[in-house]
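# Summary of structural features
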Amino acid sequence: MLDETLLDAPDALAGADTHGLLRGAAASGARARTALRHATEAGLTELRPDGRPRAILVAGTGPAVACVADLLAAFGNGAVPVTLLHPAGSLPDPGALRWTLPGWAGPLDLLLLATPDGHEGGLTALAEQAYRRGCTVVSVSPAPAPLAEATIQARGLAVPLAEVPGEHYEGPDPRDAYERQAPAPPAAPGLLWALLTPLLALADRLGLAAAGPEGLAALADRLDQVAERCGPAAATYGNPAKTLAVELSDALPLLWSEGTVAAAAARHFATTLTSLAGRPVLAALLPEALTAHGALLTGSFAGAEDTDDFFRDRVEEHEAMRARIVLLREGPPAAHSAAVAARDLAYGHGTPVSELEPAEGSTPLEATAELLATVDFAAVYLALAGGERR
């Protein structure tokens, strides 16, 4: 059960947040600005590439890497195929993972390496393999770290990872809260923007996305705006993230998305809900979601109320998990949108619907920032107030 009283108690939320998840979400805008500065200092924004790569390959550790690949593909709009390289290994530990380039990879292709660690031997070996094949290599990782050094040796470009602002703060009191916080889990908010921002700047230089310095600055501003609107000090009734967390309490979320950016946000939300809050969740694209998840609206997860014996005592009963649809869109529905059919199907089966849509007039970058930041805050609130404090 979700402890709704905790949501409107900022001090209690801070006490429950032993991993600094809310702080990481609130600092996303600052982290994006720092990442852009690191990219500029590394020379990435001054690159003048001679044409586009044939293909972009993405590899790295942590849940954020898949979202990075999703968004690069979304912004590229199919101009260049983007492939996420999945690792193999006997254990999920980063040190045990190994990556392999596709057999066709060569001098016309670009390899992007993104990691919050930088000590993965498998990624270092992948950079060396790419050098032998003639691939261009760009990495975003902590510096100094073996991966950054391997990237430079492969004649690639190494961009330092932007850390959480104040991460290494040393106050006069050694018991300072920053020092007492446990290491953040891999799906913690904020890391995505540290990895993604430099690669969006690179995509801009390649002509694959309108993500110049001004656009990325607007992205960071939108992240700040969402942090103010969705932060712990904002009451639940006017806080989209807290409201969504309450709506998803004891629900099976069905994340239905429309548009490539919204689809990336839905998959990212599914990952963070599972990793941070320990919640089962399913994501699908519209209109395929109407058939892929249709059976969940009529089976044991159906949202219709049980009307037998209305006056029975329900205090000791275990409340069944019911499906709830979350519609994610990049903007207002177009004339051919499947959102209308989705609502009709949901309401026809008594299934509640939540909707997430960026502010009107948002650029693609701003829409991305608003959707992802809102779902990150919602996942954190479910983790902190839903009994899964990790």
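Nothing here was measured: the structure is a model prediction, and the numbers come from that model. Residue indices begin from 1 for each chain and proceed along its sequence in written order. This being a predicted model, a pLDDT of at least 70 is required before a residue's local features are given, and a value of 80 or more before pairs of side-chain atoms are given or counted; all residues contribute to the totals for chains, interfaces and linings. Based on all heavy atoms of the structure, the side-chain values leave hydrogens and waters out of the count.

The way it works is that DSSP assigns letters per residue, a run of H or I at least four long becomes a helix, a run of E at least two long becomes a strand, and they are numbered from the N terminus. Secondary structure assignment for the protein chain yields 15 helices and nine strands. Every one of the 390 residues in the protein chain was classed for burial, and the buried ones make up 51%. Contact between two residues is taken to exist if any of their heavy atoms lie within 4.5 Å; hydrogens are not considered. Here the analysis covers contacts within the protein chain between residues at least 6 apart in sequence; of these, 77% occur between residues at least 24 apart. Relative accessibility decides the category of a residue: with a 1.4 Å probe and only protein chains considered, values under 20% of the type maximum give buried, values over 50% give exposed, and everything between is partly exposed.

The element strand 8 (residues 322–329) is extensively covered by neighbouring structure, given that seven of its eight residues are classed as buried. At least two DSSP bridges between two strands are needed for those strands to be called paired. By the bridge criterion, eight bridges tie strand 6 (residues 251–258) to strand 8 in an arrangement that is parallel. Counterpart to Ser257 in the pairing with strand 8 is Leu328. The sheet contact formed by strand 8 and strand 9 (residues 353–356) spans four bridges and is parallel. Each bridged residue has a counterpart across the sheet, and for Leu328 the counterpart in strand 9 is Leu356. Handedness of a crossover: with both strands directed away from the viewer, a clockwise path from the first strand across the helix to the second marks it as right-handed. Read as a crossover between parallel neighbours, the route from strand 8 over helix 14 (residues 339–348) to strand 9 is right-handed.

Once that is clear, we can look at the sheet that holds strand 2 (residues 82–84). Read across the open sheet, the five strands follow the order 2-1-3-4-5; overall the sheet is parallel. With partners counted over all chains shown, the strands left at the sheet margins are strand 2 and strand 5 (157–160), one partner each. Between one strand and the next, the sheet's axes are offset by a mean angle of 20 degrees, whatever the strand orientation. Where strand 4 (residues 136–141) and strand 5 come together, four bridges link them in parallel fashion. Within strand 5, the residue paired with Ser139 across the bridge is Ala158. Contacts between helix 7 (residues 146–153) and the sheet are confined to strand 3 (109–114), strand 4 and strand 5, with strand 4 contributing the most and set at about 160 degrees to the helix. Axis geometry follows a simple rule: fit a line to the C-alpha atoms, using only the stretch in contact for helices, then measure angles between N-to-C directions, giving values from 0 to 180 degrees.

For every residue, the pLDDT score states the predictor's confidence, bounded by 0 at the bottom and 100 at the top. The predicted model of the protein chain has a mean per-residue pLDDT of 89, with 90% of residues at 70 or higher. Within the model, pLDDT remains below 50 along residues 168–172, and this stretch shows five contacts once partners closer than five positions in the same chain are excluded. Across residues 174–180, where pLDDT falls below 50, the model places eight contacts with residues more than four positions away in sequence or in other chains.

Let us now look at the sheet that holds strand 6. The sheet built from four strands is open, its strands ordered 7-6-8-9 with parallel pairing. Looking at the sheet topology across the chains shown, the edges are occupied by strand 7 (282–285) and strand 9. Across the sheet, the mean angle from the axis of one strand to that of its neighbour is 25 degrees, orientation sign disregarded. Set on the sheet, helix 12 (residues 260–277) makes contact with strand 6, strand 7 and strand 8; between it and strand 6 the angle comes to about 160 degrees.

Here the focus is the nonpolar core. Here, nonpolar core refers to any group of buried Ala, Val, Leu, Ile, Met, Phe, Trp, Tyr and Cys residues whose side-chain atoms link them within 4.5 Å. Membership of the largest hydrophobic core comes to 91 residues, with the highest contact counts inside it found for Leu112, Trp193, Leu200, Phe269 and Leu328. Here this core gets 15 residues from one element, more than from any other, and that element is helix 15 (residues 364–385). Per-domain counts for this core show at least three residues from each of domain 1 (4–9 + 235–303 + 318–386) and domain 2 (11–166 + 182–220). Look past the residues within four positions of Leu200 in its chain and what remains in contact with it is Leu72, Phe75, Ala211, Leu216, Leu219 and Leu365. Membership of the second largest hydrophobic core comes to 17 residues, among which are Leu57, Ala127, Ala130 and Leu147. In this entry, domain limits derive from an automatic or database-based domain assignment.

We now examine helix 12. The periodicity of an α-helix, 3.6 residues per turn, causes residues three or four places apart in sequence to face the same way. Helix length check: helix 12, at 18 residues, gives a terminal C-alpha distance of 25 Å against a target of 26 Å (1.5 Å per residue), a fit within 8%. Most of helix 12 sits out of view: 13 of its 18 residues are buried. Two residues or fewer after helix 12 comes Gly278, characterised by a positive phi angle close to 65 degrees. For a helix, the expected span equals 1.5 Å multiplied by the residue count minus one.

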